[in-house]
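Architecture at a glance
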Amino acid sequence: KAGVTQTPRYLIKTRGQQVTLSCSPISGHRSVSWYQQTPGQGLQFLFEYFSETQRNKGNFPGRFSGRQFSNSRSEMNVSTLELGDSALYLCASRPQTDSNQPQHFGDGTRLSIL
Amino acid sequence: SQQGEEDPQALSIQEGENATMNCSYKTSINNLQWYRQNSGRGLVHLILIRSNEREKHSGRLRVTLDTSKKSSSLLITASRAADTASYFCATRAYSGAGSYQLTFGKGTKLSVIP
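Nothing here was measured: the structure is a model prediction, and the numbers come from that model.

Let's talk about the sheet that holds strand β3 (residues 19-24) of chain A
All names here are of chain A.
- Ordered by their spatial adjacency, 4 strands build an open sheet running β1-β3-β8-β7, and the pairing between neighbours is antiparallel. The sheet is open, and its two borders are formed by β1 (5-7) and β7 (64-68), each paired with just one other strand. Each strand of the sheet is rotated relative to its neighbour by a mean of 20 degrees, with strand direction disregarded.
- Bridging between β1 and β3 involves 3 bridges; their strand directions are antiparallel.

Structure representation (structure tokens):
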């Protein structure tokens, strides 16, 4: 089975722009979660989607949004980019939203804001 | 906010030695998970231990959980250079509105010297 695929792997943007990141989960996985990883704050939960519905949301401003499509693929969007948004954005999938299922992570998108 | 806190922040050992990493958390949990992250890559799930379990093994890995002390430990026996990575504990806990959230600590950076 192919793993979680995130595109692009690297992205450079400037302040004020917006960006869309893509995530294809493992085949058959219906839950997709997004995380932001920075050296200062570590790994922080952004949101989780299941069956095209946002099921859970972390403590991030409204500039961060996401969606999930009927094939379980997910996108996250960040508008009005700020320098502090520079981070590794990780997507993770699992079959259902069962608490006792581990997350399977992609290799992330490295976003750099100039 | 960080739920789990790993200790130590960094650990350097010789190949063949055992490595022990600890994790403390603050609230009641549903389960605790350990992940490994190689530089520039995504996280790889190692072990999930449920709140009613005390110990779990997987190959050279041993995880213990003490819910009375709100702490867990990860032991890697007979370490190899390939074990060099950052190790994160993550706790899944109830976050309200029928949802559970996975919260990560800041990790322990393990270096295994050949």
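Here the narrative resumes.
Concerning the interface of chain A and chain B
- Taken together, the contacts link 23 residues of chain A with 23 residues of chain B.
- Carbon and sulfur atoms supply 42% of the area that chain A and chain B bury against each other, a total of about 1800 Å² over both sides.
- In terms of surface lost to chain B, no three residues of chain A exceed L43, S99 and N100 of chain A, which account for 29% of the buried area on that side.
- Remark: the boundary between chain A and chain B carries 1 salt bridge.

Let's talk about the packing of aromatic side chains
- Within the structure shown, the criterion is met by 9 aromatic pairs over all chains.
- With a centroid separation of 5.7 Å and 65 degrees between ring planes, the pair formed by Y35 of chain A and F45 of chain A is classed as edge-to-face. Taken together, the residues span a long stretch of sequence, with Y35 of chain A in strand β4 (residues 31-38) and F45 of chain A in strand β5 (residues 42-50) at a distance of 10 residues. Each of the two residues, Y35 of chain A as well as F45 of chain A, counts as buried.
- Relative to F104 of chain B, the ring of Y35 of chain B lies with its centre 5.5 Å away and its plane at 55 degrees, an arrangement referred to as tilted. In this pair, Y35 of chain B is assigned in strand β4 (residues 31-37) and F104 of chain B in strand β10 (residues 99-104), connecting sequence segments 69 residues apart. Here the two residues Y35 of chain B and F104 of chain B agree in accessibility, since each one is buried.
- Put simply, the rings of Y35, F45 and F105 of chain A together with Y35 and F104 of chain B touch in pairs and so form one group of aromatic residues.

Details of the environment of H45 of chain B
- If you trace the backbone, H45 of chain B turns up in strand β5 (residues 43-50).
- A residue is classified by how much of its surface remains accessible, and H45 of chain B, at 25% relative accessible area, is partly exposed.
- The spatial distance from the C-alpha of H45 of chain B to the C-alpha of E6 of chain B is 16 Å, given a sequence separation of 39 residues.
- If sequence neighbours within four positions are ignored, H45 of chain B has contacts with P102 and Q103 of chain A together with Q33, W34 and Y35 of chain B.
- Engagement of the side chain of H45 of chain B in a polar contact is seen with the backbone nitrogen of L48 of chain B, the distance being 3.5 Å.

Conventions we followed
- Residues numbered from 1 in each chain as written.
- Chains lettered and ligands numbered in written order.
- Predicted model: local features only at pLDDT ≥ 70, side-chain atom pairs only at ≥ 80, totals over all residues.
- Heavy atoms only, no water.
- Pairing = 2+ DSSP bridges.
- Helix = DSSP H or I, 4+ residues; strand = E, 2+ residues; numbered from the N terminus.
- Axes fitted to C-alpha atoms, helices over the stretch in contact; angles between N-to-C directions.
- Contact = heavy atoms within 4.5 Å.
- Buried area = accessible area lost by both parts, 1.4 Å probe.
- Salt bridge = Lys/Arg side-chain N within 4 Å of Asp/Glu carboxyl O.
- Phe/Tyr/Trp six-rings, centres within 6.5 Å; stacked < 30°, edge-to-face > 60°.
- Buried < 20%, exposed > 50% of the residue type's maximum accessible area, 1.4 Å probe, protein only.
- Polar contact = N/O pair within 3.5 Å; in protein donor to acceptor, adjacent residues only side chain to side chain.

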